[in-house]
Amino acid sequence: MAGNDWINGYLEAILDVGPGLDDAKTSLLLRERGRFSPTRYFVEEVITGFDETDLHRSWVRAAATRSPQERNTRLENLCWRIWNLARQKKQLEGEEAQRMAKRRLERERGRREATADMSEDLSEGEKGDTISDISAHGDSTRGRLPRISSVDVMETWASQQKEKKLYIVLISLHGLIRGENMELGRDSDTGGQVKYVVELARALGSMPGVYRVDLLTRQVSSPEVDWSYGEPTEMLTPINSDDFADEIGESSGAYIVRIPFGPRDQYIPKELLWPHIPEFVDGALNHIIQMSKVLGEQISGGQSVWPVAIHGHYADAGDSAALLSGALNVPMVLTGHSLGRDKLEQLLKQGRQSREEINLTYKIMRRIEAEELSLDASEIVITSTRQEIEEQWRLYDGFDPILGRKLRARIKRNVSCYGRFMPRMVVIPPGMEFHHIVPHDGDVDGETTEGDDDHPNSPDPPIWSEIMRFFTNPRKPMILALARPDPKKNITTLVKAFGECRPLRELANLMLIMGNRDDIDEMSSTSASVLLSIIKMIDKYDLYGQVAYPKHHKQSDVPDIYRLAAKTKGVFINPAFIEPFGLTLIEAAAHGLPLVATKNGGPVDIHRVLDNGLLVDPHDQQSIADALLKLVADKQLWAKCQQNGLKNIHLFSWPEHCKTYLSRIASCKPRHPQWQRNDDEVENSESDSPGDSLRDIHDISLNLRFSMDGEKNEGSGNLDSALDSEENPVDGKSKLENAVLNWSKGIPKDARKAGFPEKAYHNFGSGKFPAFRRRKLTFVIAVDCDTITSILEIMEKIFEAVGKERNEGFVGFILSTSFTMSELHSFLVSGGLSISYFDAFICNSGSDLYYPALTTEDSPFTVDLDYHSHIEYRWGGEGLRRTLIRWAASINNKKGESEEIVSEDEEHSTNYCFAFKVQKPGVIPPVKEVRKLMRIQALRCHAIYCQNGTKLNVIPVLASRSQALRYLYVRWGVDLSKMVVFVGECGDTDYEGLLGGIHKTVVLKGVCSNASTNQIHANRSYPLSDVVPFNSPNIVHTSDDACSSADIRGALEKLGLVKG
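The model shown is predicted, which means the values in this text are computed figures rather than measured ones.

Q: What should I look at first to understand the overall build of the chain in this one?
A: Per the secondary structure count, the chain includes 39 helices and 26 strands. Scored against the burial criterion, the 1060 residues of the chain give a buried share of 57%. Pairs at least 24 residues apart make up 74% of the contacts formed inside the chain by residues separated by at least 6 positions. Counting every atom, the chain has about 44,900 Å² of accessible surface; 48% of that belongs to carbon and sulfur.

If you want it as structure tokens, here you go:
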């Protein structure tokens, strides 16, 4: 409120009239006006929607009131409103200061602990680049961005890439996406991001070395939108396709691929898409696998061509890309576009909504967690500007620029980072196609430049007449603003600056292109409010004949709009409070328009490169008016700015953007699904028999050696010697149990060092498992019961419910739990259940995958080593374990109790799962705090409270029980749509991941519904409804709390999976 002198004025007025307004008269006056309630008034009129402009208007009305009593009452109310406003802002500022101080301390503590773990100090010469150096354009970012400026250099680079056949996947979920006639500005979800991703896909598809680009988005088949958004596939017209005509293949090019997910007949805002993300991931996974096989047949001799990268745009697509990256084991790239933490801070500063109200409206906490997960999984984060890195990404737990520099310095020196990783931030400004743009220097009367000689009599575009009909004198320079009517775009301040600057009104017209509208009443309340404010200002300042605000324009009209402004010697302005990049600034410069832009955000970088205009403070109305007047009045300055823009604009071309983009992707370590042996041929081979698999497993069992204690011992010895080494050898059952215990430890990473046969490891886990291929349905039992007895009871009921189908061999079973393999084996044996009842076992919360062995000579299980190589990406190993032990010790010390609250469970820990015992689940930090602590120290992992909160499992970041199911699809072709997952009403903290997707889910009523199980979910950052589509037809509940076998079969009948 600083700088608002009018506030001081009416505060003084209130003080002046104070003696004349006694308490008795005030109370009487308020009562006479209808039992006035200050509390209700402040809630309805202040807290829910105040701003300082409203206060000023109230003061003007109060000052104009003739009646002293009425004026005094109004001034009293104003005083209360100001006091409440000041108190609320002070409270918010105090809370924000506390949060920032706490965050700063946590960040510094995490940095110190990480540095201590790495135990090596860095000299000044080894500290790496600073934040300002993190750029895709060279070692220095001062001055202009050093990009390719020579056609010869680009051609040389292109010739080097021609032999590559890259497949790239882009993801952008929300909004309406199509290749032509984009409806930009139709709603808040269909904006600049839509245009950016379509043009990026088109440009990448035209680059040498890129065979195919898929832009995955949502298929929308709704009467509310055009039919084209329901088309499954749309090919994007290539750019300069003649240059690379010899490389065009059957499936090459760039495509929009629309995946159906969410409500089939509704177009819904992005905030409502979150529960449906898993369904998209499953659909996208199916498309990518099928396309990889098709491309393999076309260009790789039958070997699948996997994406070189999966690139997520915005938080929802980032969350999806992270899951797809983990399921396929391919690199992930992220572009945030706008970030949730930054938006949350801005909304809190406004003081109009509480944190809870913001989360309810924007699902902001779900969005922030998606962005944190995206940071965990991304190898590269692409930003448009350094401001995005310095002021936005550094707000996240998963990114610390200082720690990142230390890690990069250690990597350069080939020194261990102890499992720590920080994604690389890369600045690559968006590109643009300029070959079709011809700047015009003529005026609106038809004078043309030499560039127009070929079409001297071409008619004016229709949009010109639509705009010029607003103006009394259309010859005046046009000040162009192109933005949707959103408060953060700050168009109202622009109109006010124009209206109150008489010299500017006399010299120029104002052209406002604010999206498309049919009826203001049909617009969103926010957009309608902004538009009505603008119309009122036009009336207030009598700007009729000087301001244009057309109702409609097509995307194809935008270049003509720029051309019209340039022909009148106009100026383009972007007055947004903060602009993440500002693609319209580049477009305007390419058409010959000088710029006036906000000094907050990306325009600073653009101005540094183009040097074609002025930067202004968006809050300073006078500064905006002065900058516009300066450019409009000074023709020499205008011409210089235009010349600079046209001279330097090639630095933002799409070919150069894509060249930098592809070079960054090439720096990622190649990753893709790869097995110890190729099973593609096995799947289609009729000559292979179960006997071959038996012999494979038998040969492995004879040669395989492994460590008795997993990673902890390096001694060698085969299974027989391990069994014989027991001090008190007993019968074969004891030997089998010991073997299972050792198998549950997994195969040590240092097996080769210990002298284990290389061949055995290459073959192990790659044998054929024909059971998966003959199942029509796969039932996944993922019920997180309190006791082993309860799990056995549930399994028996499920077996009984599908007894007929099970006996015919059409139904397979997978057991998915947080237990180790040895624990599973023990309770299966105790329950009288055979190992052969199951096709697979997902253990340790999804960090280990086992299959029943075809021979039980040595062990009843075989471990899938390919799955371990699939999930080990960014696994922190011993560095993570040491940090977790230190965390457990700090919890025990903080509570000050003699009994340990959290302790390491070495017996049940494996190579890819660090287990901890929890003695008092009610007093330990929630799982979100554990994840936060690990992220601050650059450790990427997935922490899960399980077994009724009595155990903590920490596994690789992209491992989970739900991801293990996707792995079975990728590895063995298990159809996810033919999969049924059985869960209770609650469960472990990874419970939510089991409910979404294209698989069917049966929720067993009355199971896992006790208070202690629900307690571990109580401190989640967002409600379960933000991540689970409870209204999905794929989710059904049993009808009775008793949950009998008949209830289970009834639920399966509802899903159409079995007959009554």
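Picking up after the structure, the text goes on.
Q: Would you mind showing me how to read unusual backbone geometry here?
A: Residues other than glycine predominantly adopt negative phi, and peptide bonds predominantly adopt the trans conformation. Despite not being glycine, Lys 363 shows a phi value in the positive range, around 50 degrees. With respect to the secondary-structure elements, Lys 363 resides in the loop between α11 (355-362) and α12 (364-377). With relative accessibility at 16%, the residue Lys 363 sits in the buried group.

Q: Which parts of the structure should I look at to understand the sheet that holds strand β24 (residues 979-983)?
A: Sheet strands associate in pairs through backbone hydrogen bonding, adopting either a parallel or an antiparallel arrangement. Here we have eight strands laid out as an open sheet, ordered β19-β18-β17-β16-β15-β24-β25-β26, and mixed in their pairing. The outermost strands of the open sheet, each flanked by one partner alone, are β19 (861-863) and β26 (1035-1037). Averaged over all neighbouring strand pairs, the angle between strand axes comes to 25 degrees, with direction disregarded. As paired elements, strand β15 (residues 777-781) and β24 share four bridges and run parallel to each other. Bridged to Thr 778 within β24 is Met 979. In the packing of helix α37 (residues 961-972) onto the sheet, the strands contacted are β15, β16 (811-816), β17 (840-843), β18 (848-852) and β24, and the crossing angle to β18 comes to about 55 degrees.

Q: Just checking my understanding: could you explain the sheet that holds strand β23 (residues 951-956) for this structure?
A: The strand order β20-β21-β23-β22 describes an open sheet built from four strands, whose pairing is antiparallel. The outermost strands of the open sheet, each flanked by one partner alone, are β20 (902-904) and β22 (941-946). Recorded for the sheet is a direction-independent mean angle of 25 degrees between the axes of neighbouring strands. In this structure, strand β21 (residues 914-918) lies alongside β23, joined through four bridges in antiparallel fashion. Following the sheet pairing, Ala 915 is matched in β23 by Asn 953.

Q: Quick question: what am I supposed to make of helix α18 (residues 525-540) here?
A: Turn by turn, an α-helix covers 3.6 residues, leaving residues three or four places apart pointing in a common direction. The first and last C-alpha atoms of α18 sit 22 Å apart over 16 residues, in line with the 22 Å expected at 1.5 Å per residue. On its buried face, α18 sits against α16 (491-500), β10 (509-513) and β11 (547-548).

Q: In this structure, what is going on with the pairing of β24? I would like to understand it.
A: Both faces of the sheet carry side chains from a regular strand, because those side chains alternate between them. Across the five residues that make up β24, a large majority, five, are buried. Where burial is concerned, the two faces of β24 agree: the one with Met 979, Val 981 and Val 983 and the one with Val 980 and Phe 982 are both buried.

Q: What is the right way to look at the packing of helix α31 (residues 788-801) against helix α33 (residues 821-830) in this model?
A: Packed helices, taken two at a time, are described by the angle between their axes plus the distance between the axes. Running from N to C, α31 and α33 point in directions that differ by 65 degrees, and their axes come no closer than 10 Å. Between α31 and α33 lies a crossing whose hand is right-handed. Where α31 abuts α33, its residues Ile 788, Ile 791, Leu 792 and Met 795 lie against Phe 827, Leu 828 and Ser 830. Here the contact of α31 with α33 is built from residues that sort into six nonpolar, one polar and no charged.

Q: Just checking my understanding: could you explain the environment of Glu 250 for this structure?
A: With respect to the helices, strands and loops of the structure, Glu 250 is situated in the loop between β3 (233-236) and β4 (253-259). When its relative accessible area of 70% is taken as the criterion, Glu 250 is described as exposed. A sequence separation of 44 residues divides Glu 250 from Val 294, and the C-alpha atoms of the two residues are 9.9 Å apart. Once you skip the residues sitting within four places of it in the chain, Glu 250 turns out to touch Tyr 211, Tyr 255 and Gln 298.

Q: Could you clarify how one ought to interpret the nonpolar core in this entry?
A: The nonpolar side chains of a soluble globular protein tend to be buried with one another. By size, the foremost hydrophobic cluster in this structure holds 102 residues, and its most contacted members are Ile 171, Phe 280, Ile 310, Leu 328, Trp 393 and Leu 968. In this structure, Leu 968 is in contact with Phe 772, Ile 814, Leu 849, Tyr 851, Gly 973 and Val 974, ignoring residues within four places of it in sequence.

Q: Can you help me understand a positive patch on the surface in this one?
A: Side chains of Lys 102, Arg 109, Arg 112 and Lys 894 sit close together on the surface and give a patch of like positive charge. Structurally, Arg 109 is set in helix α5 (residues 68-118).

Q: In this structure, what is going on with a negative patch on the surface? I would like to understand it.
A: On the surface, Asp 518, Asp 519, Asp 521 and Glu 522 cluster together to form a negatively charged patch. For Asp 519, the position within the fold is in the loop between β10 and α18.

Q: Before we go on, may I ask you to explain the confidence of the model for the chain in this structure?
A: In low-pLDDT regions, the fine details of the predicted coordinates are not to be read closely. Predicted confidence across the chain gives a mean pLDDT of 79, with 74% of residues reaching 70 or more. Here residues 1-51 is a poorly scored stretch, pLDDT under 50, and it has 55 contacts once near neighbours within four places are set aside; other chains count. Counting contacts from residues 120-150, a segment whose pLDDT is below 50, to residues more than four positions away or on other chains yields 71 contacts.

Q: Before we go on, may I ask you to explain the packing of aromatic side chains in this structure?
A: The geometry of an aromatic ring pair comes down to the distance between the two centres and the angle between the two planes. A complete count under the given rule lists 19 aromatic pairs for this structure. Between Lys 776 and the ring centre of Phe 810, over which it is positioned, the NZ or CZ distance is 4.3 Å. Here the guanidinium or amino end of Arg 806 rests over the ring plane of Phe 799, the centre of that ring lying 4.4 Å away.

Q: Whenever I open this one, the pairing of β23 confuses me. Can you help?
A: Summarising burial for β23: six of the six residues are buried, a large majority. In the sheet, β22 pairs with β23 via six bridges, with the strands oriented antiparallel. Looking across to β23, one finds that Cys 946 is bridged to Lys 951. The antiparallel hairpin formed by β22 and β23 contains four residues in its connecting segment, where Gln 947 sits at a positive phi of about 50 degrees.

Q: Teacher, can you tell me more about the environment of Arg 475 here?
A: Along the chain, Arg 475 falls in the loop between α15 (462-468) and β9 (478-482). Sequence separation between Arg 475 and Asn 509 is 34 residues; the distance between their C-alpha atoms is 8.9 Å.

Q: Explain the pattern of salt bridges to me, please; I cannot follow it from the model alone.
A: Opposite charge on two side chains permits them to pair, given that their charged atoms come into close proximity. Taken as a whole and judged by the stated rule, the model has 40 salt bridges. Across the salt bridge formed by Asp 560 and Arg 563, the nearest N and O atoms sit 2.9 Å from each other. On the criterion of helical spacing, the pair formed by Asp 560 and Arg 563 is a turn pair, its members being three residues apart in helix α19 (residues 558-567). Here Arg 775 and Asp 839 are joined by a salt bridge, their closest N and O atoms 2.9 Å apart. Highlighted residues: Arg 775 in the loop between α30 (771-774) and β15 and Asp 839 in the loop between α33 and β17, separated in sequence by 64 residues.

Q: I tried to follow the side chain of Ser 903 on my own but got confused; where do I start?
A: The residue Ser 903 is located in strand β20 in this model. For Ser 903, a relative accessible area of 15% corresponds to the buried category. In contact with Ser 903, not counting residues within four places along its chain, are Phe 916 and Lys 917.

Q: Looking at this model, I keep getting lost on the packing of helix α9 (residues 314-328) against α12. Mind explaining?
A: Between α9 and α12, the least distance of the axes is 8 Å, while the angle of their chain directions is 45 degrees. When the axes of α9 and α12 are compared, the pair comes out oblique. Like other packed secondary-structure pairs, α9 and α12 cross with a definite hand, here left-handed. Of the residues in α12, those touching α9 at Tyr 314, Ala 315, Gly 318, Asp 319 and Ala 322 are Arg 366, Arg 367, Ala 370, Glu 371, Leu 373, Ser 374 and Ala 377. Residues that form the contact of α9 with α12 fall into these classes: six nonpolar, two polar and four charged.

Q: Can you help me understand the state of the cysteines in this one?
A: Put plainly, two cysteines are in a disulfide when a covalent bond ties their sulfur atoms together. The tally for this structure, following the rule as stated, stands at zero disulfides. This cysteine, Cys 1043, is not joined by any disulfide, and Cys 785 carries the nearest cysteine sulfur, 9.1 Å off.

Q: Any chance you could explain the side chain of Asn 359 here in plain terms?
A: Position of Asn 359 among the secondary structure elements: in helix α11. Those residues in contact with Asn 359, other than ones at most four positions away along the chain, are Ile 364, Met 365, Arg 366, Ser 1021 and Pro 1023.

Cut-offs used in this document
Just so you know, the residues in each chain are numbered from 1, in the order the chain's sequence is written. Local features are withheld for residues below a pLDDT of 70 in this predicted model, meaning they are given only at 70 or higher, and side-chain atom pairs are given and counted only at 80 or more; totals for whole chains, interfaces and linings count all residues. Computation of side-chain values covers all heavy atoms of the structure but excludes hydrogens and water. The secondary structure listing takes helices from DSSP runs of H or I that are at least 4 residues long and strands from runs of E that are at least 2 residues long, numbered from the N terminus. Type-normalised accessible area, obtained with a 1.4 Å probe on protein chains alone, sets the label of each residue: buried when under 20%, exposed when over 50%, and partly exposed for intermediate values. By the convention used here, residues are in contact when the closest approach between their heavy atoms is within 4.5 Å. Computed by Shrake-Rupley with a 1.4 Å probe, the accessible areas treat only the displayed protein chains as cover when residues are assessed. Pairing between strands is defined by DSSP: at least two bridges between them are needed. Geometry is summarised by axes, namely lines fitted to C-alpha atoms with helices restricted to the contacting stretch, and by angles between N-to-C directions that run from 0 to 180 degrees. Helix span is expected to be 1.5 Å times the residue number reduced by one. Here is the rule for handedness: rotate from the far helix to the near one, and if that takes an anticlockwise turn smaller than a right angle the crossing is left-handed, while a clockwise turn gives right-handed. Three residue categories are used. Nonpolar comprises Ala, Val, Leu, Ile, Met, Phe, Trp, Tyr, Cys and Pro, charged comprises Asp, Glu, Lys and Arg, and polar comprises the others, including Gly. Residues grouped as a nonpolar core are buried Ala, Val, Leu, Ile, Met, Phe, Trp, Tyr and Cys residues, joined through side-chain atoms within 4.5 Å. Patch criteria: residues need more than 30% relative accessible area and no salt bridge. Like-charged residues are merged within 9 Å; nonpolar side chains of Val, Leu, Ile, Met, Phe, Trp and Tyr are merged within 5 Å. Any Lys or Arg side-chain nitrogen found within 4 Å of a carboxyl oxygen on Asp or Glu counts as a salt bridge. Working convention for charge: Lys and Arg count positive, Asp and Glu count negative, and His plus the chain ends are omitted. A charge is said to be at NZ when it belongs to Lys, at CZ for Arg, at CG for Asp and at CD for Glu. Confidence per residue, as judged by the predictor, is encoded in pLDDT with a range of 0 to 100. For this analysis, a ring pair means two rings from Phe, Tyr or Trp (six-membered ring only for Trp) whose centres lie within 6.5 Å, classed as stacked if their planes differ by under 30 degrees, edge-to-face if by over 60, and tilted for the remaining angles. Each ring is checked for a lysine NZ or an arginine CZ that lies within 6 Å of its centre and within 35 degrees of its normal; such an atom marks a charge sitting over the ring. Oblique is the label for any angle not under 35 degrees, not over 145, and not in the 65 to 115 range, which are roughly parallel, roughly antiparallel and roughly perpendicular in turn. Any two cysteine sulfur atoms within 2.5 Å of one another count as a disulfide.

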